[in-house]
Amino acid sequence: MKVKTSARSVLKTALCARSARYALALIAVAFLAACQGEYPQNSLDPKTDFAETIHSLYVSVFWWSMVILALVWAVLAYIVIRFRERPDRPEPKQVHGHLGMEIAWTIGPALIVVAIAIPTIQAVFRTQIPPGEDANALVVEVVGHQYWWEFRYPDLGVTTANEMHLPVGRPITLKMSSVDVIHSFWVPQLGGKRDVNPLRRVPDGEEPRYTWLYFTINDDEEGTFLGQCAEFCGEAHSLMRTRVVAQSPAEFDAWVGNWLTPSVTASAPTVDAAAAQPAVQEDPLVTEGRNIFLLQSTCVACHSVRGTQAQGVIGPNLTRLGNRSTIGAGLLENTPENLFRWISAPHDVKPGARMPGAQVGGGGFPPTNLSDEQVRAIAAYLGSLR
Ligand code: CUA
């Protein structure tokens, strides 16, 4: 018997009730998946002028593509149905080489590419414009390290790590570089990703080649935005996270003021002369931790704490560490147990971390040889820096 595969029978099979049910179920799952969950690194949820420029370009190109898709499908469907095989119908006219059609399908796509290129190039230039003479712009120096982020505020005298605080509604200028390899700073809701490069020596009088990002966080968009290093930089690349805390200008100023004032427990409490004892009672574990951190360990070779003799610059600045929500560049919640874990064995949390652990060295440094008790005390001290 001759097997007939006419367009009609194919269509019939495709549309049979069972297939339709499967298709509907699939579509429903796709829709539900799209509605599910929180996506903190969602690049479709812009919070700055920069991110909105990219987003609106993306959305307009998407919808124009949909128009073209619909047109192509409509023509395709027309052809499939109009010229389908039927028993009493002769073969349709065959076309071999057609100048008009050749020109149409060369010029058509070329015009589409031009139509996409014009707004794209405009967006590229718009996102490269510095705030210029805007004296109000806040400059933050972003420095990539294997595997964490340093944020310096040169005009404010603040230096912090991994959690960048920014005011909403004020132009921000990120001046970016790296101390080791190429990283890429990317907080999707704030803007596009941009490489941070090691600075090469330049002739005297020339500015080193920083990379820059310029944006203003929308006035009503206070919140925390997560980011991730977006350029492979070594074994802990995927664990090099960051977060940006967008605050009202008043809250931001308070954060700066808080940072600039040394924590009560940062250095030894002042002694009340009359009573000959500390003016403030503090947890003995904190006292012990401070002594170990500042005087008996190698911590201060790499770390700084404002208001103390700890002035190391290789590792993250730990001033007011107790106020950060995470440690280890966004890997662990900032709790005493996690600080203990991190200080005793950072490589168990983040393979490749440059910090030496208690038993195992790291980043070319020998182990710290701190006992569990000592690590617990240091964790208490660092947690008290609020
Ligand atoms: Cu830093 Cu990847």
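> Please give an account of the sheet that holds strand β1 (residues 138–145) that cites residues and values.
The strand order across the open sheet formed by five strands is β3-β2-β1-β5-β8, and the pairing between neighbours is mixed. Each of the sheet's edge strands pairs with one partner strand only, and the pair in question is β3 (158–161) and β8 (211–216). With direction set aside, neighbouring strand axes in the sheet form an average angle of 20 degrees. One ladder, built from seven bridges, connects β1 with strand β5 (residues 171–178); its direction is parallel. In the sheet register, G144 faces β5, and the bridge partner there is S178. Running over the sheet, helix α5 (residues 249–260) touches β1, β2 (148–153) and β3 and is turned about 95 degrees from β3.

> Describe the sheet that holds strand β9 (residues 223–228), listing the residues and the values that go with them.
Sheet strands line up and pair through hydrogen bonds in the backbone, either parallel or antiparallel. One open sheet holds the three strands; their spatial order is β4-β10-β9, and the pairing between them is mixed. Bordering the open sheet on either side are β4 (163–167) and β9, each of which pairs with just one other strand. Averaged over all neighbouring strand pairs, the angle between strand axes comes to 25 degrees, with direction disregarded. In this sheet, strand β10 (residues 241–247) lies alongside β9 in antiparallel orientation, the contact comprising six bridges. The partner of F225 across the bridge, within β10, is V244. Relative to the sheet, α5 contacts β4 and β10, its axis offset from that of β4 by approximately 135 degrees.

> With reference to specific residues and values, describe the layout of surface pockets.
Here the largest pocket is characterised by a volume of approximately 790 Å³. Every residue lining the largest pocket is counted, 41 residues in all, and those nearest its centre are H303, G315, P316, W342 and M355. Of all elements in the fold, only β13 (326–327), α7 (336–344) and α9 (372–383) reach the threshold of two or more residues within the lining of the largest pocket. It is α7 that provides the largest number of residues to the lining of the largest pocket, a total of three residues. Considered class by class, the residues forming the lining of the largest pocket number 26 nonpolar, eleven polar and four charged. Each of two domains, domain 1 (133–260) and domain 2 (271–383), supplies a minimum of three residues to the lining of the largest pocket. In this structure, the second largest pocket encloses a volume near 440 Å³. Around the second largest pocket, the lining residues are I68, L71, V72, V75, K93, Q94, V95, M101, W105 and I112. Listing elements by their share of the lining of the second largest pocket, those giving two or more residues are α3 (49–82) and α4 (99–126). Residue contributions to the lining of the second largest pocket peak at four residues, all from α3. Class assignment for the residues of the lining of the second largest pocket results in eight nonpolar, one polar and one charged.

Procedures and definitions
- Residues numbered from 1 in each chain as written.
- Predicted model: local features only at pLDDT ≥ 70, side-chain atom pairs only at ≥ 80, totals over all residues.
- Heavy atoms only, no water.
- Pairing = 2+ DSSP bridges.
- Helix = DSSP H or I, 4+ residues; strand = E, 2+ residues; numbered from the N terminus.
- Axes fitted to C-alpha atoms, helices over the stretch in contact; angles between N-to-C directions.
- Contact = heavy atoms within 4.5 Å.
- 1 Å grid on protein atoms, 1.4 Å probe; cavity = no way out; pocket = protein on both sides within 12 Å on 5 of 7 lines; lining within 4 Å.
- Points joined across faces, edges and corners; volume = space filled by probe spheres on them.
- Nonpolar A, V, L, I, M, F, W, Y, C, P; charged D, E, K, R; others polar.
- Domains from an automatic or database assignment.

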